[in-house]
Amino acid sequence: MGRITVRRPVRRIRGSEPPRRVVDTLAAEEPLEIRIAGTPLAVTMRTPGHDVELATGFLVSEGIIRTASDVRAAIHCGGPGTGGGQANTYNVLDLALADHVPPVPASAERNFYTTSSCGVCGKASIEAVHTVSAHDLHADAVTLTPERIAGFPVALRRAQEVFERTGGLHAAGLFDPATGEALVVREDVGRHNAVDKVIGWAAMQDRLPAAGTVLQVSGRASFELVQKAVMAGIPVLTAVSAPSSLAVELADSSGLTLVGFVRGDSMNVYTHAERVEGVTE
């Protein structure tokens, strides 16, 4: 698609040196309108690329679908308001759900644009945020060591190719706790988009529920990211920064192990510490 990054001229100032005109590489940010059978459902600001994964993961996170087989087709069409009659902008993705999938409830529709930092801004009510997961995380017996957890942020950072060029993207990765291997890593200007792309990948690989895996994120652990992990059946979420109070509450009640401030050999285990070897209640 060629729009993951954008080159722009800037004036660079360094100390007492005269300002210089240079070209900087920026992370692209463009709107993606997600439609279901031609009806707009949501608009999110994202980094173009892996759009089908993003939309699939979004629908899983919203509880609209459970597996990739619930999506019959996905096609990019013309830009908003064009009716498909203008050149394809690749900023509108129309999905057709399988016949067995119930119609999308009106309560799920987003009433305004979401930003790249907010994945639940358009919810009609706070009650709608508490989507019910089909997966019981309490039954997931995965365990891992603190040393393994400490390695996930390092592996995630090494896989951030676009961040290396722009410094402007979040990342999320799904890891195997036994080997430390990254199963998939996705980058995006939006934290929630990066996670949706990971979940969408897992769905399209027929790996949902993602039992026995770890979701590592590059920033903080918000309520929405915990919710997405729970909806995908991911039992462990680790973050380099802090969780919110509501994220901890949801993780605790849902059976998800939540680890924050993973920096070097230091970390805080907020919920379900029984999965972390050597940690006692």
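Residues numbered from 1 in each chain as written. Predicted model: local features only at pLDDT ≥ 70, side-chain atom pairs only at ≥ 80, totals over all residues. Heavy atoms only, no water.

An unreviewed UniProt entry lists the protein under the name Sulfur carrier protein FdhD, from Kytococcus sedentarius. Looking at the protein in UniProt, the text filed under Function (unreviewed entry) is "Required for formate dehydrogenase (FDH) activity. Acts as a sulfur carrier protein that transfers sulfur from IscS to the molybdenum cofactor prior to its insertion into FDH." Database annotation for the protein, UniProt heading Subcellular location (unreviewed entry): "Cytoplasm". (UniProt positions renumbered as here; feature names shortened; annotations may be inferred.)

1. Some details on the pairing of strand β3 (residues 30-36)
In terms of burial, β3 is largely enclosed, as 6 of its 7 residues are buried. Note that β3 and strand β4 (residues 39-46) share 7 bridges and pair antiparallel. Opposite Glu-30, over in β4, you have Arg-46 as the bridge partner. Turn length for the β3-β4 hairpin, with the two strands adjacent in sequence and antiparallel, is 2 residues, and the turn residue Ala-37 shows positive phi of about 50°. (Buried < 20%, exposed > 50% of the residue type's maximum accessible area, 1.4 Å probe, protein only. Helix = DSSP H or I, 4+ residues; strand = E, 2+ residues; numbered from the N terminus. Pairing = 2+ DSSP bridges.)

2. Here's the deal with the pattern of salt bridges
Under the definition given, this model contains 7 salt bridges. Measuring nitrogen to oxygen at the nearest pair gives 2.8 Å for the salt bridge that ties Arg-3 to Glu-30. Here Arg-3, found in the segment before β1 (5-12), pairs with Glu-30, found in strand β3; they are 27 residues apart in sequence, far enough to count as distant. As far as burial versus exposure is concerned, Arg-3 and Glu-30 are alike and both buried. (Salt bridge = Lys/Arg side-chain N within 4 Å of Asp/Glu carboxyl O.)

3. Topic: the packing of helix α5 (residues 223-232) against helix α6 (residues 245-254)
In contact at an axis separation of 8 Å, α5 and α6 are set at 20° when each is read in the N-to-C sense. Regarding the angle of α5 to α6, the classification is roughly parallel. Judged by the sense of rotation from one axis to the other, the crossing of α5 with α6 is right-handed. For the pair α5 and α6, the contacting residues are Phe-223, Val-226, Gln-227 and Val-230 in the first and Leu-246, Ala-247, Leu-250, Ala-251 and Ser-254 in the second. Of the residues belonging to the contact of α5 with α6, the class tally is 7 nonpolar, 2 polar and no charged. (Axes fitted to C-alpha atoms, helices over the stretch in contact; angles between N-to-C directions. Parallel < 35°, antiparallel > 145°, perpendicular 65-115°, else oblique. Left-handed = near helix turned anticlockwise from the far one by under 90°. Contact = heavy atoms within 4.5 Å. Nonpolar A, V, L, I, M, F, W, Y, C, P; charged D, E, K, R; others polar.)

4. Digging into the sheet that holds strand β12 (residues 266-271)
Reading across from one edge, β8-β7-β9-β10-β11-β12 is the order of the 6 strands in this open sheet, with mixed pairing throughout. Single-partner strands in this sheet number two, and they are β8 (182-188) and β12. The sheet shows a mean angle of 20° between the axes of neighbouring strands, direction not considered.

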